[in-house]
Amino acid sequence: MSYLDDESLLTQIKQHRKDASKQQSDWRAEARQNYEFVSGNQWDDDDRAKLEERQRPCVTFNRIGPVIDSVVGYEINNQRETKYLPRTAPDAQIAETLNLANKWVRDRTQAEHEENLAFRDMLITGMGWIETTVDPELDAKGRIIMERVPPLEMRWDTSARKANIEDANWVIREKWLDLDEVRDRFPEVGDDILLGLDDMGDEQWSGVHDSTENWKYENYGRSDWWDEKEGRVLVGQYQWRERETVVEVGDLQNGRVVTFTPERWNRIKDRVTAPSYERVKWKYYQCIVVGPYILEREEMPYDGFGFRAMTAKRDEEQHCWYGLVRSMISPQKWSNVFFSTAMAALQSNSKGGLMVEESAVNNIRELEDKWSDPSGIVMVNDGALASGAIQEKSFGGYPPSLDNLMAFSINAIKDVSGVNAELLGMVGTEQSGVLEMERKQSALGILQPFFASMKRYQVTQGTDLLHLMKLHLTPGQMLRITDDEGTVFWQAPGVIEFDVVVSDAVSSPNLKNEVWASISPILPTMISAGVPIPPDMLLFSPIPDRVAKQWVQYINEKTQTPDMGQIQSQMQQMQAEIGKLQQENVQLKDKREAKAMEIQARQQEAQLEAGIKEQQMALDAKAREMELAYKLKISDADRAARLLEIESRYQTEMTRIREQAEVQRENSMRQVETQQLKSIIDLQVEREKREIESAQQNEEIRIEQAAEELESYRSDMQRQRDMVLDYLKRRGGDIGELARKLDT
């Protein structure tokens, strides 16, 4: 048991929360912002209020959401499965049972769905969390469940540096619960939980404390973890680890050991002759924290935390992790700003303003109302138009570079994230399938750190699940899973010593498509060359899994490999019977000889059907030779000579067939290698051709852009010249006359 008493443990929790709040506050604010951007709420309240005050539109085109959805969708289509590999041959059956149990438990708790949600959290915030625990309310012995935990409910050890914070010394989950639910679940919680107690180590449990609502705490002091308005209390689930000295007894090389505490070992060591070893290991504990109460304090059922994280990229400066959204926020903001600016420019400059002298109109309000109405009639004073007392403001025009800036910011979202148009499935031009696949693979290479973190989590979670299955799966459940009454792995002391590996599931759609696309071009060549095709290859074909498995099972039943030992035994038995018949043939009459030959032929026919083709050819030849010898009643010496001759011809023919088959196999392999080499060369030529075409297209685009900018510059200069000449004409005099000459 932990050496900490409740008071020391509460002090430790407060200090850990204080450290985490100080270091992780910026991360939590960024995580909330990331969730807002992914859901489409991408304008700050202050910016939105300013735009509404100026009557400018707040336009949002959410481009971050599809990027996140595409990466999550790729993960869903490439599901991996956890497998347990035995370290010794006798554990192979147990490993198979564990694999079936693991799949059953994960299917029962919808683990893949929960892990996909956590993977999405990792892409957005940089961290995704899964809790693996046992719910006693669902099953008498406890049902193993896996649930996604919102990242904002978690705090973790600030000193953790490894991926998935595997070196963390503590984690804590904070969750708001109704006060009545807390009292029902924890009867030992008294009414003093609502009194003026100090907080849990910082100015906030979860969220930002609003000082304008201090009136809520007038009756109960300054408790920042009690929400009187909602009637909720913040409950913390704290898990930590401590170093502990243990004594291991048994064979460490084979992993068959029993662990004792030093106190217990000292009491029984005189009665144990097995070798013992003393070492220091981590011991894991957990408790529930409700205000000043430490509740349900207990040891973890295995060496690990119930909360497992998957982390994305690490920010070494802020000592936290960030996901895919951080880099896309700035381009998304600017694309929204540029589009809103363009809309505002079009709305405000559709009809310019007026410059009006006071004597030009009698009712200025009527002029304001009817000026923007195309069908309205505006009454002005006589001579106002001729004297220029009413003049229209010059149109500012649409900013010429705004389109380029907006296009640049939109394209930057894909550039900074690494998720290109091919991975999004939004390529607007036609291109070869090979080129599109290469670009998808390039994008996936950039995203591999996220998938690697997911795979690392699954290895750790597989070990945790192995411990829980040993403790909570009953014999009845195992019998339903495996249909094997002899499998009692949960009773063996060393069954946890298995290697956990994570591999692509055969049912993964992307894996099936990739494998089938690779092997389908060479299947006809292999079939024509006589190379056998493994039946399991059908599992990767684009047909339903159920049909593929039934097909494979049917092929395996029809092409079972015969037992060579049994065939040799049958051959020896047949040879003995043939020798016996040869001795009896000298003494038996013709009728009995014919009957014996008939019986012998039937026996040979029944036994040769179970052998391979070569053995059947040899036995048929021997049977025919013996039948011919009986009919002609030749001597034993002649019959023996004929048998030897037939055996020699048979061996020669078989040697020739094997050599011919070897030559055909080598020729077919050369054809396959030649075809693969040709495909590689064609791929390289096509890639170089695409690069040249792309370079030419880019050069043409740059020339067109330069021409457009030059034409725009000329138009601006001409417009400015016309404005200056018009101004000089209106001034009159010599300057006006000179301006008219220049205009002509």
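Residues numbered from 1 in each chain as written. Predicted model: local features only at pLDDT ≥ 70, side-chain atom pairs only at ≥ 80, totals over all residues. Heavy atoms only, no water.

A. Quick look at the pairing of strand β2 (residues 127–135). As judged from the 5 bridges shared by β2 and strand β11 (residues 307–311), these two strands associate in the antiparallel manner. Counterpart to Ile130 in the pairing with β11 is Arg308. (Pairing = 2+ DSSP bridges. Helix = DSSP H or I, 4+ residues; strand = E, 2+ residues; numbered from the N terminus.)

B. Region of interest: unusual backbone geometry. Not every positive phi belongs to a glycine, and Gln110 is a case in point at roughly 55 degrees. Tracing the sequence through the fold places Gln110 in the loop between α4 (92–108) and α5 (111–125). We note that His319 has phi near 55 degrees; this positive angle belongs to a residue other than glycine.

C. Up close: the pattern of salt bridges. Summed over all chains, the structure comprises 20 salt bridges. Here Glu174 ties to Arg17 by a salt bridge, and the two come within 2.7 Å at their closest N and O atoms. In this pair, Glu174 is assigned in strand β5 (residues 170–178) and Arg17 in helix α1 (residues 6–39), connecting sequence segments 157 residues apart. Judged by relative accessible area, which is 3%, Glu174 ranks as buried. Each of Arg17, Arg155 and Glu174 takes part in one network of salt bridges that share partners. (Salt bridge = Lys/Arg side-chain N within 4 Å of Asp/Glu carboxyl O. Buried < 20%, exposed > 50% of the residue type's maximum accessible area, 1.4 Å probe, protein only.)

D. Broad picture of a nonpolar patch on the surface. The grouping of Leu677, Ile681 and Val685 at the surface amounts to a nonpolar patch, some 280 Å² of accessible area in total. Checked against the element boundaries, Leu677 lands in helix α20 (residues 636–731). (Patch = residues over 30% accessible without salt bridge, like charges linked within 9 Å, V, L, I, M, F, W, Y side chains within 5 Å. Areas by Shrake-Rupley, 256 points an atom, 1.4 Å probe, with all protein chains shown as cover.)

E. Summary view of the confidence of the model for the protein chain. On average, residues of the protein chain carry a pLDDT of 76, and 70% of them reach 70 or more. Across the protein chain, the secondary-structure element scoring lowest on mean pLDDT is strand β16 (residues 498–504), at 52, and the one scoring highest is β11, at 95. In the predicted structure, residues 196–222 sits below a pLDDT of 50 and forms 57 contacts with residues beyond four places in sequence or in another chain. (pLDDT = per-residue confidence, 0-100. Contact = heavy atoms within 4.5 Å.)

F. Structural view of the nonpolar core. Counting 33 residues, the largest nonpolar core has Ile68, Phe119 and Leu324 as its most contacted members. Broken down by secondary-structure element, the contributors of at least two residues to this core are α1, α3 (64–77), α5, α8 (326–348), α11 (421–424) and α12 (433–472). With 7 residues, the top contributor of residues to this core is α12. In this structure Ile68 touches Val38, Arg120, Leu123, Ile124, Leu324, Val325 and Met328, once residues within four positions along its chain are discounted. Tyr284, Met300, Phe305 and Ala309 belong to the second largest nonpolar core, which has 19 residues in total. (Core = buried A, V, L, I, M, F, W, Y, C linked by side-chain atoms within 4.5 Å.)

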